[in-house]
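# Geometric and topological summary
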There are 2 protein chains.
Amino acid sequence: MRKAPPDFRNRKRAEGQESVLDAIDRRILDRLQRDSTISNQELAEQVGLSPPACLKRVRALRSAGVITRTVAILSPEVLGYPMLTVARVKLELPNEAANHAFEARMAELPRVVQCMTVAGDFDYILLIRSRDVGHYQDFARRVLKLAPGIRSYTSEIVLQVHKATTEVPIDPT
Amino acid sequence: MRKAPPDFRNRKRAEGQESVLDAIDRRILDRLQRDSTISNQELAEQVGLSPPACLKRVRALRSAGVITRTVAILSPEVLGYPMLTVARVKLELPNEAANHAFEARMAELPRVVQCMTVAGDFDYILLIRSRDVGHYQDFARRVLKLAPGIRSYTSEIVLQVHKATTEVPIDPT
DNA sequence: CGTGAAATATGTATCGT
DNA sequence: ACGATACATATTTCACG
């Protein structure tokens, strides 16, 4: 009972095709993931299409889920969250209920910007935004120490972010 | 001979003020970091301003560096990069030249989506996008094993991304 | 997919508070 | 200094070939 669009346009697929995106689609995506403030006119010109044709493709790319969303990226520093920490969490028991509870908790905390499971230790890796060290310590105590089913955790303070891109490789690199 | 706006509007600052953003600015940022496809008209209505006044604020927020950029977020899965890996790298000698060379190398590799230095071990943490396990192994051999000055590295395969937001906390949480 | 026209949004100027 | 109204310009978007 799936309802989402199963694939992108009626291009050749199901043949083990690697991608259903043609060169123009890739150029559109390349531009938009760098800067989506450009007008559709400008974009159309850059990719060699008329504005309506370009717009149709962008909309198709959206509804197909290739473009998941379009957002403004804000400066954490200016907004008072200059600190970034990588935390690793180990649960007591990796059972379904405990995992789900933990993930739901992380989902609702704005300071947790990333939460993922990694192979090997049945661990979570978190990226956490904080105002300062005290603010982080507060978070660690409130959320990590007291959270149900947490066995242990480690924190690593990020000294410098050298690269943090939202871009996904497009060309067959 | 400065030309860029030295600070954000002529609000009260230099008084050790924590922030120069008022409630309306925060509402603008809140909307735009969730979805920047809304028109300025719609945004203006939502924040209770006239379209020109709203536009002026958005532009000011941009040139002040509060909004750093506006981008389309693409689906790594659809684009053929479903795999995410966290790598930790330890350099032989944490000298200036080696660090800079490594950071420059990471900056130019599209598959490296994040690169940061963490306290404690003078280490790097990388987040790497790959097509599959073989593709990552290839990367690890070419980039991590053979990179000059690398002492050791570990890789952790991300099984599931539960949360990955580009949003920064706005309200005084 | 392109062209042309209608609908809509953006951007500017000016005035008022 | 900031916002609102009104007007001009530009872009988005629809219908059609």
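Scroll up for the structure.
Let us look at the structure shown here.

Calculation notes
- Residues numbered from 1 in each chain as written.
- Chains lettered and ligands numbered in written order.
- Predicted model: local features only at pLDDT ≥ 70, side-chain atom pairs only at ≥ 80, totals over all residues.
- Heavy atoms only, no water.
- Helix = DSSP H or I, 4+ residues; strand = E, 2+ residues; numbered from the N terminus.
- Buried < 20%, exposed > 50% of the residue type's maximum accessible area, 1.4 Å probe, protein only.
- Contact = heavy atoms within 4.5 Å.
- Expected span 1.5 Å × (residues − 1).
- Arc of directions from axis to C-beta.
- Polar contact = N/O pair within 3.5 Å; in protein donor to acceptor, adjacent residues only side chain to side chain.
- Buried area = accessible area lost by both parts, 1.4 Å probe.
- Salt bridge = Lys/Arg side-chain N within 4 Å of Asp/Glu carboxyl O.
- Nonpolar A, V, L, I, M, F, W, Y, C, P; charged D, E, K, R; others polar.
- Pairing = 2+ DSSP bridges.
- Axes fitted to C-alpha atoms, helices over the stretch in contact; angles between N-to-C directions.

Moving on, we get to the overall build of chain A. Helix and strand counts for chain A come out as 5 helices and 5 strands. Moving toward the C terminus, one meets the helices and strands of chain A in the order α-α-α-β-β-α-β-β-α-β. Expressed as a percentage of its 173 residues, the buried residues of chain A come to 43%. Looking at chain A alone, contacts between residues at least 24 apart form 61% of all its contacts between residues at least 6 apart.

Moving on, we come to helix 4 (residues 96-107) of chain B. Between its first and last C-alpha atoms helix 4 of chain B spans 16 Å; for 12 residues at 1.5 Å apiece the expected length is 16 Å, and the two agree. By the burial criterion, the buried members of helix 4 of chain B are Asn99, Phe102, Glu103 and Met106 of chain B. Considered in projection along helix 4 of chain B, the buried side chains sweep an arc of 95 degrees and stay on one side of the axis. Turned more than 90 degrees away from the buried face of helix 4 of chain B, the exposed residues are Ala97 and His100 of chain B. Where helix 4 of chain B is buried, its residues meet strand 5 (150-164) of chain A together with strand 2 (83-91), strand 3 (112-118), strand 4 (123-130), helix 5 (133-145) and strand 5 (150-164) of chain B. Where helix 4 of chain B begins, the side chain of Asn95 of chain B points an oxygen toward the backbone nitrogen of Ala97 of chain B, at a separation of 3.1 Å.

A separate point is the interface of chain B and chain A. Taken together, the contact pairs 66 residues of chain B with 68 residues of chain A. A buried area of about 6000 Å², summed over both sides, lies between chain B and chain A, and 57% of it is on carbon and sulfur atoms. On the surface where chain B and chain A come into contact, there are 2 salt bridges. At 9 residues, the largest contribution of residues to the side of chain B that touches chain A is made by strand 5 of chain B. Each residue belonging to the side of chain B that touches chain A can be placed in one class, and the counts come to 37 nonpolar, 15 polar and 14 charged. Two strands pair when backbone bridges link them, and strand 1 (residues 67-74) of chain A and strand 1 (residues 67-74) of chain B are joined in this way by 7 bridges, in the antiparallel orientation.

The next subject is the sheet that holds strand 5 of chain A. Spatially, the 8 strands close up into a barrel ordered 2(A)-4(A)-3(A)-5(B)-2(B)-4(B)-3(B)-5(A), and their pairing is antiparallel. Averaged over all pairs of adjacent strands, the angle between their axes in this sheet comes to 35 degrees, without regard to strand direction. Where strand 3 of chain B and strand 4 of chain B come together, 6 bridges link them in antiparallel fashion. Paired with Cys115 of chain B across the two strands is Leu126 of chain B, which belongs to strand 4 of chain B. Relative to the sheet, helix 4 of chain B contacts strand 5 of chain A together with strand 2, strand 3, strand 4 and strand 5 of chain B, its axis offset from that of strand 4 of chain B by approximately 15 degrees.

Let us look at the pattern of salt bridges. Side chains carrying opposite charge are able to pair once their charged atoms draw close together. Under the counting rule described, the total for this entry stands at 16 salt bridges over all chains. For the salt bridge of Arg57 of chain A with Asp22 of chain A, the shortest nitrogen-to-oxygen distance reads 2.9 Å. One end of the pair, Arg57 of chain A, is in helix 3 (residues 51-63); the other, Asp22 of chain A, is in the segment before helix 1 (23-34), and 35 residues separate them in sequence. The salt bridge partner of Arg31 of chain A is Asp30 of chain A, with a shortest N-O separation of 3.3 Å. The partly exposed category is assigned to Arg31 of chain A, whose relative accessible area is 23%. Via salt bridges that share partners, Arg88 and Glu156 of chain A together with Arg88 and Glu156 of chain B belong to a single interconnected network.

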